[in-house]
Amino acid sequence: MSTKEQLYPYRFRLIGGLVGLVIAVLFLTIGFGPTMLLLVFTAIGFLIGKWRDGALDIEGWIQFFNRD
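Numbering of residues starts from 1 in every chain and runs along the sequence as written. Whole-chain, interface and lining totals are the exception, using all residues; otherwise, since this is a predicted model, local features are given only for residues with pLDDT of at least 70 and side-chain atom pairs are given and counted only at 80 or more. The basis for the side-chain values is all heavy atoms of the structure; hydrogens and waters are excluded.

Labelled according to an unreviewed UniProt entry, the protein appears under the name DUF2273 domain-containing protein, originating from Exiguobacterium antarcticum.

Okay, here's the thing in structure tokens:
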């Protein structure tokens, strides 16, 4: 069994840990405000890219936030 196969069940934990590490390093190096601005612009860019790919379900988002 290869290392890739052994780590596959833990892939999202590893990705989450790496994202957390990168955000922590950004907080420590450039500060809170610039890090938040960078994260907001990254999220906006991701959503625009997903929309351009035709994979963004806007109606689903609207239904999710308007549920009672």
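(A) Quick peek at the UniProt feature "transmembrane region" (unreviewed entry) in the protein. UniProt positions are given in the numbering used here, feature names are shortened, and annotations may be inferred rather than shown by experiment. Per the UniProt record, "transmembrane region" (unreviewed entry) is annotated on residues 15–48. Helix makes up 97% of residues 15–48 and strand 0%, whereas the separation of the span's terminal C-alpha atoms amounts to 22 Å. A helix here means a DSSP run of H or I that spans at least four residues, while a strand means a run of E at least two residues long, and both kinds are numbered starting from the N terminus.

(B) Focus on a nonpolar patch on the surface. Surface patches are defined over residues having more than 30% relative accessible area and no salt bridge, joining like charges when they lie within 9 Å and nonpolar side chains (Val, Leu, Ile, Met, Phe, Trp, Tyr) when within 5 Å. Methods summary: accessible areas were calculated by the Shrake-Rupley approach with a probe of 1.4 Å, and residue burial reflects only the protein chains presented. Salt bridge, as used here, is a side-chain nitrogen of Lys or Arg placed within 4 Å of a carboxyl oxygen of Asp or Glu. On the surface, a cluster of nonpolar side chains totalling about 800 Å² of accessible area is made up of Leu37, Val40, Phe41, Ile44, Ile48, Trp51, Ile58 and Ile62. For the nonpolar patch, the elements supplying multiple residues, two or more each, are helix 3 (32–52) and helix 4 (58–65). A total of 6 residues in the nonpolar patch trace back to one element, the largest contributor, which is helix 3. Of note, valine 40 is situated in helix 3.

(C) Just the confidence of the model for the protein, in detail. Scored from 0 to 100, pLDDT reflects the predictor's confidence in each residue. For the protein, the mean per-residue pLDDT works out to 90, and 99% of the residues sit at or above 70. Taken element by element, the predicted model of the protein shows its lowest mean pLDDT in helix 4 (86) and its highest in helix 2 (residues 11–30) (94).

(D) Main features of helix 3. Counted at 1.5 Å a residue, the expected span for helix 3 with its 21 residues is 30 Å, and the 30 Å between its end C-alpha atoms agrees. One or two residues past the end of helix 3 sits glycine 54, with phi positive at roughly 80°. Expected helix span is taken as 1.5 Å per residue step, with the number of steps being one fewer than the number of residues.

(E) Focus on the side chain of threonine 35. Mapping threonine 35 onto the fold places it in helix 3. Within the structure, threonine 35 has its side chain in polar contact with the backbone oxygen of leucine 26 (distance 3.3 Å). Apart from the residues lying within four places of it in its own chain, the contact partners of threonine 35 are Ile23, Leu26, Phe27 and Ile30. Side-chain atoms alone can form a polar contact between residues adjacent in sequence; in general such a contact is a pair of N or O atoms within 3.5 Å, and within protein one must be able to donate a hydrogen while the other accepts it. Working rule for contacts: check all heavy atoms of both residues, and any pair within 4.5 Å makes them a contact.

(F) Inspection of the packing of helix 2 against helix 3 at higher detail. A fitted line through C-alpha atoms serves as each axis, taken over the contacting stretch for helices, and the angle formed by two N-to-C directions is quoted from 0 to 180°. Packing of helix 2 against helix 3 brings their axes to within 7 Å, and their N-to-C directions diverge by 135°. Judged by the angle between their axes, helix 2 and helix 3 are oblique. Between helix 2 and helix 3, the residues in contact are Ile23, Leu26, Phe27 and Ile30 and Phe32, Pro34, Thr35, Met36, Leu38 and Leu39, respectively. Side-chain classes are defined by residue name, with Ala, Val, Leu, Ile, Met, Phe, Trp, Tyr, Cys and Pro counting as nonpolar, Asp, Glu, Lys and Arg as charged, and the others, Gly among them, as polar. Within the contact of helix 2 with helix 3, the residues separate by chemical class into 9 nonpolar, 1 polar and no charged. In this scheme, roughly parallel covers angles under 35 degrees and roughly antiparallel covers those over 145, while 65 to 115 is roughly perpendicular and the rest are oblique.

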